[in-house]
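Listed below, chain by chain, are the residues.
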Protein chains: 4
Amino acid sequence: MTGRPRDPAVDEAIRRAAVDLTEQHGYRGLSMEGIAALSGVSKQTVYRRYRSKGEVVLDALAGYAFTHLPTPDTGSLRGDLTALLTATFAGQQGVNGTLNRALAAEAVQDQAFAALLWEKLIAVRRESVRELLARGRARGEVAHPDDEFLLDLVYGPMWYRLLFDPAALTPAYAAELARSVALVAAGTRP
Amino acid sequence: MTGRPRDPAVDEAIRRAAVDLTEQHGYRGLSMEGIAALSGVSKQTVYRRYRSKGEVVLDALAGYAFTHLPTPDTGSLRGDLTALLTATFAGQQGVNGTLNRALAAEAVQDQAFAALLWEKLIAVRRESVRELLARGRARGEVAHPDDEFLLDLVYGPMWYRLLFDPAALTPAYAAELARSVALVAAGTRP
Amino acid sequence: MTGRPRDPAVDEAIRRAAVDLTEQHGYRGLSMEGIAALSGVSKQTVYRRYRSKGEVVLDALAGYAFTHLPTPDTGSLRGDLTALLTATFAGQQGVNGTLNRALAAEAVQDQAFAALLWEKLIAVRRESVRELLARGRARGEVAHPDDEFLLDLVYGPMWYRLLFDPAALTPAYAAELARSVALVAAGTRP
Amino acid sequence: MTGRPRDPAVDEAIRRAAVDLTEQHGYRGLSMEGIAALSGVSKQTVYRRYRSKGEVVLDALAGYAFTHLPTPDTGSLRGDLTALLTATFAGQQGVNGTLNRALAAEAVQDQAFAALLWEKLIAVRRESVRELLARGRARGEVAHPDDEFLLDLVYGPMWYRLLFDPAALTPAYAAELARSVALVAAGTRP
DNA sequence: ATATAATCGAGACGGTACGTCCCGTCTTGCA
DNA sequence: TGCAAGACGGGACGTACCGTCTCGATTATAT
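Residues numbered from 1 in each chain as written. Chains lettered and ligands numbered in written order. Predicted model: local features only at pLDDT ≥ 70, side-chain atom pairs only at ≥ 80, totals over all residues. Heavy atoms only, no water.

Caption draft 1: Quick look at the protein's contact with DNA strand F. Around DNA strand F sit 44 residues, and of these Arg4, Asp7 and Arg49 of chain A, Tyr47 of chain B together with Arg49 of chain C come closest. When the atoms of DNA strand F within 4 Å of the protein are sorted by group, sugar and phosphate make up 61%. One nitrogen or oxygen atom from the main chain of serine 42 of chain A is found 3.1 Å from a phosphate oxygen belonging to DNA strand F. For DNA strand F, a phosphate oxygen lies 2.3 Å from a polar atom in the side chain of arginine 49 of chain A. Mapped onto the surface near DNA strand F, the elements with two or more residues apiece are helix H3 (43–49) of chain A, helix H2 (32–39) and helix H3 (43–49) of chain B, helix H3 (43–49) of chain C together with helix H2 (32–39) and helix H3 (43–49) of chain D. Sort the elements by how many residues they give to the surface near DNA strand F and H3 of chain C lands first, with four residues. For the surface near DNA strand F, a count of residues per class yields eleven nonpolar, 16 polar and 17 charged. (Near = heavy atom within 4 Å. Polar contact = N/O pair within 3.5 Å; in protein donor to acceptor, adjacent residues only side chain to side chain. Helix = DSSP H or I, 4+ residues; strand = E, 2+ residues; numbered from the N terminus. Nonpolar A, V, L, I, M, F, W, Y, C, P; charged D, E, K, R; others polar.)

Caption draft 2: Quick peek at the relation of the copies chain D and chain C. You can overlay chain D on chain C at an RMSD of 0.5 Å; the transform is a turn of 178° with a shift of 0.1 Å along its axis. The two molecules are tied by a two-fold rotation axis, judged by turn and shift. Both copies share a contact surface, since 100% of the interface residues of chain D are interface residues in chain C too. (Least-squares fit on C-alpha atoms with pLDDT ≥ 70 in both. Contact = heavy atoms within 4.5 Å.)

Caption draft 3: The arrangement of helix H9 (residues 171–186) of chain B in detail. Given a rise of 1.5 Å per residue, 16 residues ought to cover 22 Å, and the 23 Å separating the end C-alpha atoms of H9 of chain B matches this to within 8%. Along H9 of chain B, the positions that sit buried rather than exposed are Tyr173, Ala174, Glu176, Leu177, Ala178, Arg179, Ser180, Val181, Ala182, Val184 and Ala185 of chain B. (Expected span 1.5 Å × (residues − 1). Buried < 20%, exposed > 50% of the residue type's maximum accessible area, 1.4 Å probe, protein only.)

Caption draft 4: Spatial organisation of the interface of chain D and chain C. The partner chain C presents 40 residues to the 38 residues of chain D that form the contact. Between glutamate 106 of chain C and arginine 28 of chain D there is a salt bridge, with its nearest N and O atoms 1.9 Å apart. The tally of links between chain D and chain C comes to ten residue pairs in polar contact (both at pLDDT 80 or more). If you list the elements that add at least two residues to the side of chain D that touches chain C, you get helix H6 (94–108), helix H7 (111–139), helix H8 (147–164) and helix H9 (171–186) of chain D. With eleven residues, the top contributor of residues to the side of chain D that touches chain C is H8 of chain D. Its residues placed into classes, the side of chain D that touches chain C shows 22 nonpolar, five polar and eleven charged. (Salt bridge = Lys/Arg side-chain N within 4 Å of Asp/Glu carboxyl O.)

Caption draft 5: Structural context of the domain arrangement of chain A. Residue and element names in this part refer to chain A. Its domain assignment divides chain A into domain 1 (1–50) and domain 2 (69–186). Facing four residues of domain 1, the contacting portion of domain 2 comprises five residues. Between domain 1 and domain 2, roughly 450 Å² of surface is buried when both sides are summed, and carbon and sulfur atoms account for 78% of that area. Remark: the boundary between domain 1 and domain 2 carries zero salt bridges. At the boundary of domain 1 with domain 2, the tally comes to one residue pair in polar contact (both at pLDDT 80 or more). Its residues assigned to classes, the side of domain 1 that touches domain 2 shows two nonpolar, one polar and one charged. (Domains from an automatic or database assignment. Buried area = accessible area lost by both parts, 1.4 Å probe.)

Caption draft 6: Examining the relation of the copies chain A and chain B more closely. Note on the copies: chain A fits chain B at an RMSD of 0.5 Å, the axial shift is 0.1 Å, and the rotation between them is 178°. When the interface residues of chain A are mapped onto chain B, 100% of them are again interface residues, pointing to one common binding face.

Caption draft 7: Inspection of the protein's contact with DNA strand E at higher detail. If you check the shell around DNA strand E, you find 46 residues, and the closest are Asp7 and Arg49 of chain B, Glu33 and Tyr47 of chain C together with Arg49 of chain D. When the atoms of DNA strand E within 4 Å of the protein are sorted by group, sugar and phosphate make up 59%. For DNA strand E, a base nitrogen lies 3.3 Å from a polar atom in the side chain of glutamine 44 of chain C. At 3.1 Å from a phosphate oxygen of DNA strand E is found a main-chain nitrogen or oxygen belonging to aspartate 7 of chain D. Looking at the surface near DNA strand E, the elements with two or more residues in it are helix H2 (32–39) and H3 of chain A, H3 of chain B, helix H2 (32–39) and H3 of chain C together with H3 of chain D. In terms of residues, the surface near DNA strand E owes the most to one element, H3 of chain B, which gives five residues. Split into classes, the residues belonging to the surface near DNA strand E amount to twelve nonpolar, 17 polar and 17 charged.

Caption draft 8: Structural view of the UniProt feature "DNA-binding region" (unreviewed entry) in chain A. Within the UniProt annotation, "DNA-binding region" (unreviewed entry) is assigned to residues 31–50 of chain A. Here residues 31–50 of chain A runs as 75% helix and 0% strand, with 12 Å between its end C-alpha atoms. (UniProt positions renumbered as here; feature names shortened; annotations may be inferred.)

Caption draft 9: Spotlight on helix H7 (residues 111–139) of chain B. Residue and element names in this part refer to chain B. Maximal helix bending in H7 amounts to about 45°, located at tryptophan 118. Taken as a whole, H7 has its buried residues at Phe113, Ala114, Leu117, Leu121, Ile122, Arg125, Arg126, Ser128, Val129, Leu132, Leu133 and Gly136. For H7, the capping residue at the N-terminal end is aspartate 110, with a side-chain oxygen 3.0 Å from the backbone nitrogen of alanine 112. Just past H7, the residue glycine 140 takes up positive phi, approximately 90°. (Bend = angle between axes of the 7 residues up to and from the residue.)

Caption draft 10: Fine view of the packing of helix H4 (residues 53–62) of chain C against helix H6 (residues 94–109) of chain C. Residue and element names in this part refer to chain C. With their axes 10 Å apart at the nearest point, H4 and H6 run at an angle of 135° to one another. Classified by the interaxial angle, the pair formed by H4 and H6 is oblique. In terms of crossing hand, the pair formed by H4 and H6 is left-handed. For the pair H4 and H6, the contacting residues are Lys53, Gly54, Val57, Leu58 and Leu61 in the first and Asn96, Leu99, Asn100, Leu103 and Glu106 in the second. Here the residues of the contact of H4 with H6 are counted per class, giving five nonpolar, three polar and two charged. (Axes fitted to C-alpha atoms, helices over the stretch in contact; angles between N-to-C directions. Parallel < 35°, antiparallel > 145°, perpendicular 65-115°, else oblique. Left-handed = near helix turned anticlockwise from the far one by under 90°.)

Caption draft 11: Quick look at the side chain of serine 128 of chain D. Of note, serine 128 of chain D is situated in helix H7. Contact partners of serine 128 of chain D, with chain neighbours within four places excluded, come to Thr71 and Leu84 of chain D.

Caption draft 12: How the structure looks around the packing of aromatic side chains. Counted under the stated rule, the structure contains 22 aromatic pairs over all chains. Their ring planes at 80° and their centres at 5.8 Å tell us that tyrosine 160 of chain B and phenylalanine 164 of chain B sit as a pair that is edge-to-face. With tyrosine 160 of chain B and phenylalanine 164 of chain B both in helix H8 (residues 147–164) and four residues apart, the pair spans about one turn of that helix. Each member of the pair tyrosine 160 of chain B and phenylalanine 164 of chain B is classed as buried. By way of ring pairs, the aromatic residues Trp118 and Trp159 of chain A together with Tyr160 and Phe164 of chain B are connected into one cluster. Over the face of the ring belonging to tyrosine 27 of chain A we find lysine 53 of chain A, whose NZ or CZ atom lies 4.1 Å from the ring centre. (Phe/Tyr/Trp six-rings, centres within 6.5 Å; stacked < 30°, edge-to-face > 60°. Lys NZ or Arg CZ within 6 Å of the ring centre and 35° of its normal.)

Caption draft 13: Local environment of the nonpolar core. By size, the foremost hydrophobic cluster in this structure holds 126 residues, and its most contacted members are Ile35, Leu117 and Trp159 of chain A together with Ile35, Leu117 and Trp159 of chain B. Not counting chain neighbours up to four residues away, the residues in contact with isoleucine 35 of chain A comprise Ile14, Ala17, Ala18, Leu21, Leu30, Val46, Lys53 and Val56 of chain A. (Core = buried A, V, L, I, M, F, W, Y, C linked by side-chain atoms within 4.5 Å.)

Caption draft 14: Representation of the pattern of salt bridges in the model. Residues and elements named next belong to chain A. Throughout the structure, instances matching the rule amount to 80 salt bridges over all chains. For the salt bridge of arginine 126 with aspartate 152, the shortest nitrogen-to-oxygen distance reads 3.0 Å. With a gap of 26 residues between them, arginine 126 in helix H7 (residues 111–139) and aspartate 152 in helix H8 (residues 147–164) connect regions that are remote in the sequence. Residue class for arginine 126 comes out buried when judged on its relative accessible area of 1%.

In structure tokens:
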């Protein structure tokens, strides 16, 4: 009934191969076939764990960073946001950016995967900011009643630029975005 | 030097087939092969015009709407933005939304295509809003010096939701977004 | 190291389809695509076994007849040759003739394939006649020292007519050819 | 009624291109498309003159050699045949051999082309040998009643080796073949 | 001199096959 | 049961030629 247990080294090899291949040939050039070949694993073994290359990448990325982003208390919402966004933007350069965009591509065409992505990655990031907003609200800096909208204002421009011009995600951009969000948060809904 | 001229009816048939197939089977189910088959055209003929299904869809979409979006003068930046965004969001439902998301997916994985998309579609939309901002600036409603940032604030949340949750793009969302952008525009960069 | 073994039924289906298609549409109308389609097999599976339609046909033909042609001992070289050539010529009518000519056409344009054809088919047939010659030599009927030349004399005219006028390969032609070869074999090289 | 006359330079360019391409890439690599491209002529212009690449090559070859092969009177059939075959075999090396084999490949799969080839090339060569036989018959060297069969005996082995092993067509081979044919020609049909 | 008519280059067009890649599933034998 | 190996049906890829077609520009003869 129990049989031979799954080899954890195999899990690691698969994720590793997926990341490496994406780095070298882009997400376009990534395939289940290629992952199996590079990791020295049979296709069956890959399919036993993941249903698509998207899931592999998502798993690889979820175990990486972003889960433990800094949410330092700088004393002001604007300061907190600036710190968080600067760190987040920095984390979107290089392979991480490529992988993130790849996941977006996948989500856009697959409702089920979108839900998975939201839960595993997007929601986690939103939660971080939600904490900042709560803290700001306690301080009296946040009058705007709709957290969800404010979160969109934070992450919308990031994804927009991540899609079309990742290099634009500079510390200066982070600062300006933080300032704007803080401004909107301070206002009330009319 | 001259040669037989390209048949415009063929152009039309190709774009038509691409849109129809996407509508029926999703962008996933769209293929150069399928486009050729449905339009009654040889593959070669499709490849003569477009290098990928993404380019077909982009061309089909670029010739559609959005190029002549309404930019009515309501007397205030907030009003103008509300009108434009409401119309834009409405245009993102149904096939148009699917096609737009497909283009995003494509751009995300292909830098060259991203540039093409920006030029043919994104830039055009940004231009519309830039006009609104100029008008607002003339009225004294815009103190923020960076148009580009304000444009990101307008379109960022739209793409964010377009990627992960298209249904959220309601008229109410448009109104709230317009209000926030107008608020930020009114402020100066410190 | 092992992997799933190849299905022998697939081998059979492929060869079968190749022969059937050639019979119906000629070798011109035969294609790897068509073979795959008719045999209900994927193209990949065909290509896994054969590199060209020529190889398929060759394999189909090699497994057929000719490998075990009759070499009855009639008591004389001339009689033996007559029997063998009559049977061989008879086997060259219908599909077999078409397939044989097709192989010739292929060999003519591809040195590597020519070598393969020689090894799998031509050499086998030559071996049959070589046995006849050896028998004749034992009987004192063969004085000519060069077996290879005599073999060319036997099969040369057959291929010549097979190429340009297959209908000429009658029993009478076989008898006359046998007589001539026996005559040359009896003489010595001066 | 008359219109613009065909440019003879174009004819020449087409044949030239066909021969060059076959020499470089083999008959396999020859195509109507390629001929047009290399000769700097439109496809239409090629098709106006020839229906297939086979016809181009045939025309190119027919205008070359073989039409005026030497038929010197050496005083004996065996001598005459040796001279003719030695010259013929020599002419089958290099490009000429390739082109000849190409024509055979074409003929084998196209009855109409086979007839054309026979008429334009094969029959001419047979006629040369027929003259030799007539001369021998006058001298009393030929008792065999069937010229056609003797011709097959002459050219059969040549084509056989041309197909499978062109290098075998040496002067020694020519001499041995001439000797054998002369021997058979001297005998009577029983 | 001016139709008339065929030739020529360029290149679009519907079509067929090519040979390759990857999909997701399966079968085998070993651990 | 996990796992490497690899066969399998399926579908799309992008390319090469096929033979036909439509252009505009020439070059002849026949009015």
